[in-house]
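# A closer look at the structure
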Amino acid sequence: MLDDKSLLELCLKVSGWFENAAGASYTAVSGNFDGMGLSAGILQWNAGQGTLQTLVTSIGNAMGWVKAKSFFSSDIQQFASLGPADAIAFCLQHYIEAGTKNVDQGAKAKWQMFLHQPESIAAQVQMASNGVLGHAKREVVAYAPDYIDRQRPYVFFFDLVTQEGGMSVGQHTIPPVPSGQTPDVMDALSFASVHDAICTMTWKINSDNDNLSKLLLHYAYQRSLLANPVYAWDTCSRRGTIACRGGVVHAAKVDFTLILD
């Protein structure tokens, strides 16, 4: 089983494919495009939600604030203490180009150097492990206890947690398949056949002799039934393709057989 850092990077590599992302980056920095002031790090923690301040606090405490402050011309320790509204204003004043939503290039370089430090990377991995990655791990224990030593369930549930929050919507929760049982996936394949014949064939071939594929495909389909019907196939095709290590998503063929066990 992978360590948390390697597992996080694998999860983001797979999820990033669907978003046309360049790949997981601990030094990623983006501007005020969503009104959150500044977003940074491998999971794009931001000032508007207070998550970036939490990350900076962890990094500052780990490396020492004297070192942390040395990367910036602004007072990064002050930034770390601010609530969301004040933190956004701080970002606009110190890190965003005037009159735009773009990160100032000088400020971006400072942030990237700060985020590249070993203490910063370790803090990001720990924060992810306490957050979405930890949530995904709990879902694996609850929903795929027979496969806790495999990578694919963690990638599947990481993508589900980050995109849709988990296996519950309101009062509705997908029930776990009992340990030792393999679900029938004909409903999932029938649903797929309405939308994409190649995807359906890929899922069928890849799941025929793979009980893990069947289990995760079952969950992908069942969770899609709780989604907005307009997006049901989008969510099912994405998660089903992770489940079966291949498929078709948004008309693009996907093959994860080389990176998912």
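Our subject is the structure listed above.
Residues numbered from 1 in each chain as written. Predicted model: local features only at pLDDT ≥ 70, side-chain atom pairs only at ≥ 80, totals over all residues. Heavy atoms only, no water.

### Quick look at the overall build of the chain
Definition in use: The numbering of helices and of strands both runs from the N terminus, where a helix is a DSSP run of H or I of at least 4 residues and a strand a run of E of at least 2. Classification of residues uses two cut-offs on accessible area relative to the type maximum, computed with a 1.4 Å probe and protein chains only: under 20% is buried, over 50% is exposed, and between them is partly exposed. The contact definition used throughout considers only heavy atoms, calling two residues in contact when any of these lie within 4.5 Å. Every accessible area reported is derived by Shrake-Rupley at a probe size of 1.4 Å, with residue values counting cover from the shown protein chains alone. Lys and Arg are tallied as positive, Asp and Glu as negative. Neither His nor the chain termini are counted. Every charge is mapped to an atom, namely NZ of Lys, CZ of Arg, CG of Asp or CD of Glu.
If you tally the helices and strands in the chain, you get 13 helices and seven strands. Here the C-alpha coordinates of the chain stretch approximately 60 × 40 × 35 Å along the principal axes. Going through the 261 residues of the chain one by one, you find that 49% of them count as buried. Summarising the internal contacts of the chain: among those between residues at least 6 apart in sequence, 65% fall at separations of at least 24. Total accessible area on the chain stands at roughly 12,200 Å², and carbon and sulfur atoms take up 53% of it. Each charge sign in the chain was given a centre, from 18 positive and 23 negative side chains, and these centres are 3 Å apart.

### Considerations on the environment of Lys-204
Tracing the sequence through the fold places Lys-204 in helix H11 (residues 197-207). Separated by 85 residues in sequence, Lys-204 and Glu-119 place their C-alpha atoms 45 Å apart.

### Section: the packing of helix H1 (residues 4-18) against helix H9 (residues 152-164)
Rules: Each axis is a line fitted through C-alpha atoms, and for a helix only the stretch in contact is used; angles between axes span 0 to 180 degrees, taken between their N-to-C directions. Angles below 35 degrees are treated as roughly parallel, those above 145 as roughly antiparallel, those between 65 and 115 as roughly perpendicular, and all remaining angles as oblique. In a left-handed crossing the near helix is turned counterclockwise from the far helix by less than a right angle, and in a right-handed crossing that turn is clockwise. Each residue is assigned to one of three groups, with Ala, Val, Leu, Ile, Met, Phe, Trp, Tyr, Cys and Pro labelled nonpolar, Asp, Glu, Lys and Arg labelled charged, and all others, Gly among them, labelled polar.
Axis separation between H1 and H9 bottoms out at 9 Å; the angle between their running directions is 55°. As judged from the angle between their axes, H1 and H9 are oblique. Pair H1 / H9 crosses with right-handed handedness. Every residue of H9 that contacts H1 at Leu-7, Leu-8, Leu-10, Cys-11, Leu-12, Val-14, Ser-15 and Phe-18 is listed here: Tyr-154, Val-155, Phe-158 and Asp-159. Class assignment for the residues of the contact of H1 with H9 results in 10 nonpolar, one polar and one charged.

### Description of the pattern of salt bridges
How we decide: We define a salt bridge as a contact between a side-chain nitrogen of Lys or Arg and a carboxyl oxygen of Asp or Glu at a distance within 4 Å.
Throughout the structure, instances matching the rule amount to 10 salt bridges. When the shortest N-O distance is used, the salt bridge between Asp-4 and Lys-137 registers 2.5 Å. Residue Asp-4 is located in helix H1, and its partner Lys-137 is located in helix H8 (residues 132-143); the two are separated by 133 residues in the primary sequence. Relative accessible area serves as the criterion here: at 29%, Lys-137 is assigned to the partly exposed category. Note that Arg-238 and Asp-159 form a salt bridge whose closest N and O atoms lie 2.8 Å from each other. In this pair, Arg-238 is assigned in helix H13 (residues 232-244) and Asp-159 in helix H9, connecting sequence segments 79 residues apart. Of the residues examined, Asp-159 reaches a relative accessible area of 0% and is grouped as buried. Linked through salt bridges whose partners overlap, the residues forming this network are Asp-159, Glu-164, Arg-223, Arg-238 and Arg-239.

### Quick look at the side chain of Ser-15
Stated precisely, the cut-off is as follows: Any pair of nitrogen or oxygen atoms within 3.5 Å is treated as a polar contact; in protein, a donor-acceptor pairing is required on top of that, and neighbouring residues in sequence qualify only through side-chain atoms on both sides.
Residue placement: Ser-15 occurs in helix H1. Among the polar contacts made by the side chain of Ser-15, one reaches the side chain of Asp-159 at a distance of 2.7 Å. Apart from residues no more than four positions distant in its own chain, Ser-15 is found in contact with Phe-158, Asp-159 and Arg-238.

### Side note on the sheet that holds strand S3 (residues 45-46)
Here is the rule: A pair of strands is labelled paired if DSSP reports no fewer than 2 bridges between them.
The strand order across the open sheet formed by three strands is S1-S2-S3, and the pairing between neighbours is antiparallel. Unpaired on one side and paired on the other, strand S1 (29-30) and S3 mark the two borders of the sheet. Of the pairings in the sheet, the one linking S1 to strand S2 (residues 39-40) comprises two bridges and is antiparallel in character. Residue pairing in the sheet places Val-29 in a bridge with Ala-40 of S2.

### Some details on unusual backbone geometry
Positive phi, close to 50°, is recorded for His-250, a residue that is not glycine. Within the fold, His-250 resides in the loop between strand S6 (246-249) and strand S7 (252-255).

### Topic: the packing of H9 against helix H12 (residues 211-224)
Put simply, H9 and H12 touch, their axes get as near as 11 Å, and they point 10° apart. Taken together, the axes of H9 and H12 lie roughly parallel to each other. On H12, the residues that touch Arg-152, Pro-153, Phe-156, Phe-157, Leu-160 and Glu-164 of H9 are Leu-212, Ser-213, Leu-216, Tyr-219, Ala-220 and Arg-223. Here the contact of H9 with H12 is composed, by residue class, of eight nonpolar, one polar and three charged.

### What about the pairing of S6?
On S6, burial covers both faces: Gly-246 and Val-248 on one face and Gly-247 and Val-249 on the other are all buried. Of the strand pairs in this sheet, S6 and S7 are connected by four bridges, and their pairing is antiparallel. Looking at S7, one finds that Gly-246 is bridged to Asp-255. In this antiparallel pair of consecutive strands, S6 and S7, the connection spans two residues, and His-250 shows a positive phi of 50°.

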